[in-house]
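Descriptive analysis of the structure
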Amino acid sequence: MEAAPHNRAETRLTVTAPEQMRELGRRLAKLLRAGDLVMLSGELGAGKTTLTRGLGEGLGVRGAVTSPTFVIARVHPSLGDGPPLVHVDAYRLGGGLDEMEDLDLDVSLPESVIVVEWGEGKVEELTDDRLQIVIHRAVGDTTDEVRKVTVTGLGARWAEAGLEALSA
């Protein structure tokens, strides 16, 4: 079920270097709180893990944020009083919520920030309120660091969350 248009906030940004992608993650972390679901989409090498690394830095979590491709999910506890970061790579998960439930993410969602790479069609049922981030990069020209990032907040949680501040 698609969220009503008034329960949708969107901002678009252009990122020209990996460090800018990390900085975007750090800025985004300021808007996140326990219970938030962030879905990341983009081609391999688009910058999903780089963005998540910045999120981890901004949230002040323990451990280097690396791609969880082989472990599927990795939990980074907070070093302070903030929420832990649960970083999921759903690329190899074939079937929706059943496989996701095997990871017990639903029990950690209320007290965690959950970031899911490749989660389309797999995790939407976890919550009506979610942040969808799509990273587009120029395909073919691998020397081009330019990324077009679209951040879409779905649900009441994101209607007034101040996503436009990300492009400031």
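Here is a short report on the structure shown in this document. In this text, all values refer to a predicted model and were calculated from it rather than measured experimentally.

What counts, and at which threshold
- Residues numbered from 1 in each chain as written.
- Predicted model: local features only at pLDDT ≥ 70, side-chain atom pairs only at ≥ 80, totals over all residues.
- Heavy atoms only, no water.
- Helix = DSSP H or I, 4+ residues; strand = E, 2+ residues; numbered from the N terminus.
- Buried < 20%, exposed > 50% of the residue type's maximum accessible area, 1.4 Å probe, protein only.
- Contact = heavy atoms within 4.5 Å.
- Areas by Shrake-Rupley, 256 points an atom, 1.4 Å probe, with all protein chains shown as cover.
- Phe/Tyr/Trp six-rings, centres within 6.5 Å; stacked < 30°, edge-to-face > 60°.
- Lys NZ or Arg CZ within 6 Å of the ring centre and 35° of its normal.
- Salt bridge = Lys/Arg side-chain N within 4 Å of Asp/Glu carboxyl O.
- Core = buried A, V, L, I, M, F, W, Y, C linked by side-chain atoms within 4.5 Å.

Right, let's talk about the overall build of the protein chain for a bit. From N to C terminus, the protein chain includes five helices and seven strands. Scored against the burial criterion, the 168 residues of the protein chain give a buried share of 45%. A sequence separation of at least 24 residues applies to 66% of the contacts in the protein chain between residues at least 6 apart. Approximately 8300 Å² of the protein chain is accessible, and the part contributed by carbon and sulfur atoms is 52%.

This structure, assessed with the given rule, holds one aromatic pair. Here the guanidinium or amino end of Arg157 rests over the ring plane of Trp158, the centre of that ring lying 4.1 Å away.

Attention now moves to the pattern of salt bridges. According to the stated counting rule, one finds six salt bridges in the structure shown. Here Arg26 ties to Glu19 by a salt bridge, and the two come within 2.5 Å at their closest N and O atoms. Looking at Glu19, the relative accessible area reads 45%, which means it is partly exposed. Residue Asp36 pairs with Arg157 through a salt bridge whose shortest N-O separation is 2.8 Å. Remark: Arg157 occurs in helix H5 (residues 156-159) and Asp36 occurs in the loop between helix H1 (18-29) and strand S2 (37-42); sequence separation between them is 121 residues. A single burial state applies to Asp36 and to Arg157, both of which are buried. Put simply, Glu19, Arg22, Glu23, Arg26 and Glu57 are held in one network by salt bridges that share partners.

Here we come to the nonpolar core. One broad trend across soluble globular proteins is that nonpolar side chains are buried collectively. Core analysis: the biggest nonpolar cluster contains 28 residues, and Leu24, Leu32, Leu131, Ile133, Val149 and Val151 have the highest contact counts within it. Secondary structure elements with two or more residues in this core: strand S1 (8-15), H1, S2, helix H2 (48-59), strand S5 (113-117), strand S6 (130-137) and strand S7 (147-154). Tallying contributions element by element places H1 first for this core, with four residues. Excluding residues within four positions of it along the chain, Leu24 makes contact with Leu13, Val15, Leu51, Val149 and Leu166. The next biggest cluster of nonpolar side chains, apart from the first, holds 11 residues, and it includes Met39, Leu109, Ile114 and Val116.

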